[in-house]
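Observations on chain architecture
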Amino acid sequence: PGLRALCSRRLRWRLLLLAWLSLGCDVGWAQPPAPARPRGSWGPWGPWSSCSSSCGDGVALRTRRCLRSAQEEPCTGDPRQYRLCQLQGCPVGSVPFRAVQCSLYDNKPVLGTSARYRWVPFHGAPNVCDLNCLAMGHNFYYSFGRVLDGTRCGPGSPDLCIGGRCLSVGCDGILGSGARPDACGRCGGGHDSCLFVHRLFQGTDPSSGYFGYMNVTKIPAGATNIKVTDKSRNYLALMTSDGRYVLNGDWSIAWPGPYEVAGTQLSYTRAPDGTESLEAPGPTNEDLHVLVRARVAHGDGGTQPLTPPLPLALPLPAQVLLQEPNPGIEYEFWLPRGHPQPGRGDTSPLRQPQPRGAGTPPPQDPLVTPAPLPPQPRGSATEPPPRKRCGRCRPAKGRSQRIWHFCQSDFVFQGQILAQLLVGQETRYEVEVKTLYRQRFPLVPREYLWVPNACGCPPLREGARYVLMAQRHVNHEHTLNRLLLRGDGYARPWTPREERLVREAAQHCPQPR
């Protein structure tokens with residue numbers, strides 16, 4: 001027994017010693033892992049091959065080589081890349097590409113028998129990129145392996161089969177790249193490169209706007225995923241940057257449906273309850289102006305019905321224009337980040353772009369001609385007052401006047417006179433803004449410029465371009481917000497020399513603290 005106890009103690013000590021040695025090796029003498037072998041690098045892509053098809057859709061192929069040594073790991077990625085090549089459409093009656101491949105096995109022995117069949121494509125098999133062909137006149141199909149590269153995955157599918165896999169075409173034209181356009185329409189960009197504009201317009205009828213049109217917003221060029229919704233019984237109107245109405249302009253109602261405008265297709269819908277919507281995928285290639293037009297009331301107090309719609313460009317026999325309460329016009333679109341957003345100046349109800357075609361008021365009641373008055377002796381109380389004489393125009397000119405007006409004006413710009421209208425004792429010019437030299441407040445591409453006289457001072461001709469220096473005029477009640485050019489204000493014909501002098505005048509204005 002004593003010998004057994006001694007052996008047992010020695011065995012335990014040996015086991016403890018072995019355990020300690022193993023822990024010491026693991027902790028103190030562990031071998032570091034072998035360094036990862038470097039990988040090779042890809043060489044440049046080779047040229048694209050010719051298209052796999054002579055008409056319709058096909059694919060082109062290019063390859064690259066992995067440059068590595070014997071000590072380097074293989075490159076990661078695909079050595080082949082396929083690009084969609086779209087050619088002119090195939091002639092009418094052409095045999096589809098998949099059907100051509102099935103027909104290659106017509107009257108050939110298959111299934112290990114001497115039976116001969118004619119084959120047509122079969123699209124009910126699990127793998128869409130196998131050449132699955134149905135025996136004509138029979139209820140079975142046979143798979144002849146993979147279809148050729150560039151074969152459509154199915155009838156009507158935009159995806160193509162490459163190497164036995166069904167691949168989608170990215171927005172970069174590369175199959176399987178996964179590139180998708182972002183909300184701004186940029187291929188492969190992220191949504192962080194786009195800006196989402198979503199606003200609600202709740203304007204009221206302008207006191208001076210007998211036209212019945214009120215500006216809602218400007219949708220800048222480059223906008224995508226545009227949507228405008230109006231739930232009132234008014235009419236949405238749309239105008240291009242050159243002043244041409246696309247929808248519901250010039251006192252007419254447009255048919256709902258698709259319209260081509262600004263390089264995109266616009267969908268205009270109008271429901272029986274009066275709800276309207278404008279939707280366009282974009283991107284637009286020019287600015288678009290969204291306006292709202294008042295409902296029309298007849299002399300008997302009735303309103304013009306929304307349905308059925310009137311024919312396109314049918315004038316409305318309006319007597320009085322009414323603006324129903326505006327529950328809000330909701331509009332949204334995406335812009336590339338950094339793109340200038342539409343500001344409050346673009347939604348001013350009084351300073352709205354108006355085309356010359358809508359520059360006349362709606363038809364009014366016929367004027368009643370009063371009976372002629374009997375002749376009165378000169379100097380009697382019923383004699384009309386003599387007309388005020390205008391006198392000579394004294395426009396501002398010279399270097400000192402140019403600098404003074406430039407520094408004191410809210411707006412200095414080059415503008416083209418489009419139309420002129422006498423309104424009481426004032427003159428209203430419709431101006432297209434060409435170049436901005438100074439602006440303390442936002443301007444829209446088309447503005448009304450008011451002159452507080454009817455004498456034509458300063459003299460402005462329709463169609464001519466001028467350098468104009470105007471003030472912002474807002475009355476105490478804030479019911480007017482307009483551009484005002486005084487009779488002795490600065491309005492000079494535009495020339496390259498005049499533009500240079502105006503830009504030099506900006507250097508003499510005191511800098512704000």
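Structure's up top.
Procedures and definitions
Residues numbered from 1 in each chain as written. Predicted model: local features only at pLDDT ≥ 70, side-chain atom pairs only at ≥ 80, totals over all residues. Heavy atoms only, no water. Buried < 20%, exposed > 50% of the residue type's maximum accessible area, 1.4 Å probe, protein only. Helix = DSSP H or I, 4+ residues; strand = E, 2+ residues; numbered from the N terminus. Contact = heavy atoms within 4.5 Å. Pairing = 2+ DSSP bridges. Axes fitted to C-alpha atoms, helices over the stretch in contact; angles between N-to-C directions. Phe/Tyr/Trp six-rings, centres within 6.5 Å; stacked < 30°, edge-to-face > 60°. Salt bridge = Lys/Arg side-chain N within 4 Å of Asp/Glu carboxyl O. 1 Å grid on protein atoms, 1.4 Å probe; cavity = no way out; pocket = protein on both sides within 12 Å on 5 of 7 lines; lining within 4 Å. Points joined across faces, edges and corners; volume = space filled by probe spheres on them. Nonpolar A, V, L, I, M, F, W, Y, C, P; charged D, E, K, R; others polar. Arc of directions from axis to C-beta. Polar contact = N/O pair within 3.5 Å; in protein donor to acceptor, adjacent residues only side chain to side chain.

Brief notes about helix H3 (residues 399–408)
- Here H3 has its buried residues at Arg402, Ile403, His405, Phe406 and Cys407.
- Buried positions along H3 lie against strand E23 (411–423), strand E24 (426–439), strand E26 (465–474) and helix H4 (496–505).

Describing the sheet that holds strand E13 (residues 224–230)
- Pairing in this open sheet of 6 strands is antiparallel, and the strands run E11-E22-E13-E18-E17-E16 from one edge to the other. If you trace the sheet from one side to the other, it starts and ends with strand E11 (194–201) and strand E16 (257–261), each paired once. Direction aside, neighbouring strands of the sheet carry axes that sit 15° apart on average.
- Sheet topology note: the E16/strand E17 (residues 264–270) ladder contains 5 bridges and is antiparallel.

A look at the packing of aromatic side chains
- Scanning all chains against the criterion turns up 10 aromatic pairs.
- Note on Phe122 and Tyr141: the rings are 4.5 Å apart at their centroids and 20° apart in plane angle, and the pair reads as stacked. Of this pair, Phe122 sits in the loop between strand E5 (119–121) and strand E6 (130–135) while Tyr141 sits in strand E7 (residues 141–146), and the two are 19 residues apart along the sequence.
- Residue Phe122 is classed as partly exposed on the basis of its relative accessible area, which comes to 25%.
- Given a relative accessible area of 37%, Tyr141 falls into the partly exposed group.
- Consider the rings of Phe411 and Phe441, whose centres lie 6.2 Å apart with planes at 50°: the pair is tilted.

Here's the deal with the pattern of salt bridges
- What the rule picks out here adds up to 9 salt bridges.
- Between Arg402 and Glu498 there is a salt bridge, with its nearest N and O atoms 3.7 Å apart. Here Arg402 is found in helix H3, whereas its partner Glu498 is found in helix H4, with 96 residues between them in sequence.
- The buried category is assigned to Arg402, whose relative accessible area is 11%.
- On the basis of relative accessible area, Glu498 is assigned to the buried category, the value being 7%.

Things to note about empty space enclosed by the protein
- In total, this model carries 1 cavity of 30 Å³ or more according to the counting rule given.
- Put simply, the largest cavity is a space of about 60 Å³.
- Lining the largest cavity are Ile219, Ile226, Val228, Leu238, Val261, Thr264, Leu266, Leu278, Ala280, Leu288 and Val290.
- Of all elements in the fold, only E13, E17, strand E18 (276–280) and strand E19 (288–293) reach the threshold of two or more residues within the lining of the largest cavity.
- Here the residues of the lining of the largest cavity sort into 10 nonpolar, 1 polar and no charged.

Description of the environment of Arg392
- Inspection of the secondary structure puts Arg392 in the loop between strand E22 (329–336) and H3.
- What makes Arg392 exposed here is its relative accessible area of 71%.
- Taking the C-alpha atoms as reference, Arg392 lies 10.0 Å from Pro458; in sequence the two are 66 residues apart.

A short note on H4
- Among the residues making up H4, those that are buried are Glu498, Glu499, Leu501, Val502 and Ala505. Relative to the axis of H4, the buried residues are bounded by an arc of 165° and lie together on one face. Among the exposed residues of H4, those pointing more than 90 degrees away from its buried face are Pro496 and Arg497.
- Contacts from the buried residues of H4 go to H3, E23, E24, E26 and strand E28 (491–493).

As for the side chain of Asn453
- Checked against the element boundaries, Asn453 lands in the loop between strand E25 (446–451) and E26.
- The buried category is assigned to Asn453, whose relative accessible area is 14%.
- Within the local environment of Asn453, its side chain forms a polar contact with the backbone nitrogen of Cys455, the two atoms lying 3.1 Å apart.
- When sequence neighbours within four positions are dropped, the list of residues in contact with Asn453 reads Gln425, Glu426, Thr427 and Gly487.

With respect to the sheet that holds E19
- Overall, antiparallel pairing links the 4 strands, which are arranged E12-E19-E14-E15 in an open sheet. Edge positions in the sheet fall to strand E12 (213–219) and strand E15 (245–247), since each has one partner strand and no second. This sheet shows a mean twist of 30° between the axes of neighbouring strands, independent of strand direction.
- Across 6 bridges, strand E14 (residues 235–240) lies against E19 in antiparallel orientation. Bridge pairing in E19 links Leu236 to Val292.

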